[in-house]
Amino acid sequence: MRQAMDLDVDERIRSPDALARHLKSSTNRYTLRMWIIAMLVWYCFRLIVDLAVVSDLNESIGTLLSAALTVAILFVTWWTLGPRRAQGKHIYAVAVLIVIIALSNAVFYVWTSSNVNDTYRLASVLLIAGIIAQQFRYWLIMVAIIFTISVALSARLGFDLGYVIQLMVMHLIMSALIYLTREPLLSMLVSQSMSLVDRAEEVEATRAAQERFVANCTHELRTPMTGVLGVMDLLRASGVNEEQTRLLDIADSSAKQMLGVVNEILTFSKIHAGEVKMKPQPVDLVALSTDAWRSLQPMAESEELFFRLSAPDEPCWANADSKRIREIILNLLGNAIKYTQSGGVELVLSADLVGDEVIAVWRVSDTGSGISQDDLERIFEPFSRHAESGSKNVPGTGLGLTIAQQLTESMGGTLTVDSQVDMGSTFTLTIPFKRAVPEQEKALDYGEEQPGVLDQPLSVLVAEDNALNKMLIEQMLGNIGWKIKVVANGQLAVEEATRTDIAYDLVLLDIQMPVLDGVSAAKAILEQAESPPVLVAFTANTLPADVQSYLDVGMSAVVGKPLQLDELLETVSSVLEARQGRS
């Protein structure tokens, strides 16, 4: 019924009164639609009777003209009461006009025919009043006028007033029933619709609060992680003995494990909010798989497990999101290692070329404890964990496989599992990709070094309020030969970046800073600087909505915290090369 009545609640309709008017309009349209059908059926019946029984051509023409006029009136009324055209006070004037036209048509027909049987046309106008009346007092006024005119006309034409009054009263009762039964329906619809609107607003507000909470938590966790990981890298570079190296490795592993938990929570939040966007680009699936496998080789060796890789000998190029695929592979391999006490883990990659597509299949097999049937049924549910007897106490959030499956489905693939208790498990990842042309130029770059923008001593302005992060960034970037200037807030960054005696190639802006935040600082620099430098956001706020807001104000790229030097260099290289290409 909701669909039939066109009860679509426009997002601009916020107040109960506006919603009530909208629902009245929708109800009127539905009722009039049914009335049009009823009138068409009735007049078709009358036309058949006139032609077949009475054989009166003039009567048939009159019936046909009356039908056309009545249906036209009802159709115009139905169209006028549309959701986009019936939100103002003019709807009352339209309702009165329709009643006047219908009453005039009925009076004219009765006057010319002088047939008491045609007074049903006058009585029918009462039903129209019940359909389109917007308030009770308007309905009462209209039926009083219609009743009075009908009785007066019948008396003037000498009709049987008893019969006419009886007919009018019957239709008056039906008109009242139409109006009165419509009001509770409208009240119910208004109440339900407003409840749905309020509920939707509550859900949206809750979702937004959850996203902001996750963003704030990850920001507060990832910012100090920049200092922790950075200091450990600097300690290694300063020269340490074997025991100190061992301790640094333990601290580094623990810090990265914590960072992995933070990243899992952030990724799950992005997926849940529908904010994960795939960024396909040409990638060699063999090289990608080999790199992911090698990164976990030390972890497998520390557990004294065999760790094997089987992949095609030739490169396999496809248009794929390498970051997300690597994330899935690492998740599957990491879980296999964690749940395997003896034996080992094997990664097998196969690829089939089908037309212009590459069907890639990864199989991650282990000889671990296996998964029970009960756990298999919920293995991909959020926060689901299985712990068979004898298995290790495995750390983690229980989100890894959920994220892996949802990322896989986002790429149009499937992730399945086959497992037997005490026999091990095999996860099969299947994703179809579009074939890609090998990037020969990039391959040549690996073979011979060619001068690029990063080979030049860049002049870089860094705006960062955290003292430890300032020290780390200054030392890390200074070690690669860049000229670094560090300021503590956005206002100082604006003053420094808009100086005419110094030209900066790059400005790294933290987002959450005192005095003036990074977004406001970026706007000011772009407005005030004669030749604005490249602006790159340096932040732990990496939700897609946040990243897009930074890009919208004119920043060229976003680098997430904790700072990874390789990621920073790659980002800076791409934005500077793009800028040189435009100039």
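The rules behind each value
- Here the residue numbers are simple positions, counted from 1 along each chain's written sequence.
- Thresholds applied to this predicted model are a pLDDT of at least 70 for local features of residues and 80 or more for the giving and counting of side-chain atom pairs; totals over whole chains, interfaces and linings are not thresholded and use all residues.
- Side-chain measures were taken over the full set of non-hydrogen atoms in the model, leaving aside hydrogen atoms and water.
- Here a strand is any run of E in DSSP of at least two residues, a helix any run of H or I of at least four, and the numbering for each starts at the N terminus.
- Contacts are assigned to residue pairs that have any heavy atoms within 4.5 Å of one another.
- Areas reported as accessible are Shrake-Rupley estimates using a 1.4 Å probe. Residue values count occlusion only from the protein chains shown.
- To get an axis, fit a line to the C-alpha atoms, keeping to the stretch in contact for a helix; angles then go from 0 to 180 degrees between the N-to-C directions.
- Roughly parallel here means an angle under 35 degrees, roughly antiparallel means over 145, roughly perpendicular means 65 to 115, and every remaining angle is called oblique.
- For a crossing to be left-handed, the near helix must be turned anticlockwise from the far one by less than a right angle; the clockwise case is right-handed.
- When residue character is reported, Ala, Val, Leu, Ile, Met, Phe, Trp, Tyr, Cys and Pro are called nonpolar, Asp, Glu, Lys and Arg charged, and the others, Gly included, polar.
- A 1.4 Å probe that fits into a set of points on a 1 Å grid over the protein atoms alone but cannot get out defines a cavity; an open set with protein on both sides within 12 Å along at least five of seven lines defines a pocket, and lining residues are those with an atom within 4 Å of a point.
- Grid points are joined across faces, edges and corners, and a volume is the space filled by probe spheres set on the points.
- Summary of the burial criterion: residues with accessible area below 20% of their type's maximum are buried, those above 50% are exposed, and those between are partly exposed, where the area comes from a 1.4 Å probe applied to protein chains only.
- When a carboxyl oxygen of Asp or Glu is within 4 Å of a side-chain nitrogen of Lys or Arg, the pair counts as a salt bridge.

### Let's talk about the overall build of the chain
Helix and strand counts for the chain come out as 18 helices and 12 strands. Restricting the contact set of the chain to residue pairs at least 6 apart, pairs at least 24 apart contribute 71%. About 30200 Å² of surface is accessible on the chain, with carbon and sulfur atoms providing 57% of the total.

### Structural notes on the packing of helix H8 (residues 285–295) against helix H10 (residues 322–338)
Where H8 meets H10, the closest approach of the two axes is 10 Å, and the angle between their N-to-C directions is 40°. When the axis of H8 is compared with that of H10, the two are oblique. In this structure, the crossing between H8 and H10 has a hand that is right-handed. Contacts between H8 and H10 pair Leu 285, Leu 288, Ser 289, Asp 291, Ala 292, Trp 293 and Ser 295 from the former with Ser 322, Ile 325, Arg 326, Ile 329, Leu 330 and Leu 333 from the latter. Taken together, the residues that form the contact of H8 with H10 break down as 8 nonpolar, 3 polar and 2 charged.

### Focus on the layout of surface pockets
What the second largest pocket holds in volume is close to 230 Å³. Of the residues forming the lining of the second largest pocket, the biggest block, 3 residues, is contributed by helix H6 (residues 161–238).

### A word on unusual backbone geometry
Although it is not a glycine, Asp 422 adopts a positive phi angle of roughly 70°. The residue Asp 422 is located in the loop between strand E6 (414–420) and strand E7 (424–435) in this model. The class of Asp 422 is exposed, set by a relative accessible area of 62%. Positive phi, close to 70°, is recorded for Val 515, a residue that is not glycine. Judged by relative accessible area, which is 65%, Val 515 ranks as exposed.

### Some details on the environment of Leu 535
Along the chain, the position of Leu 535 falls in strand E11 (residues 534–539). Between the alpha carbons of Leu 535 and Tyr 550 there is a distance of 9.8 Å; along the sequence they are 15 residues apart. Setting aside its immediate chain neighbours within four residues, Leu 535 contacts Val 507, Ala 522, Ile 525, Leu 526, Met 555, Ser 556 and Ala 557.

### Notes on the pattern of salt bridges
Per the stated rule, a full pass over the model turns up 7 salt bridges. With a shortest N-O distance of 2.7 Å, Glu 243 and Arg 246 are connected by a salt bridge. A residue pair is termed a helical-turn pair when its members lie 3 or 4 positions apart in one helix, as Glu 243 and Arg 246 do in helix H7 (residues 242–272) at 3 residues. Relative accessible area serves as the criterion here: at 43%, Arg 246 is assigned to the partly exposed category. Among the ionic pairs, Glu 327 bridges to Arg 324, the shortest N-O distance being 3.0 Å. Taken as a pair, Glu 327 and Arg 324 lie in helix H10 at a separation of 3 residues, close to a single helical turn. Through salt bridges that share partners, Glu 496, Arg 499 and Asp 501 make up one connected network.

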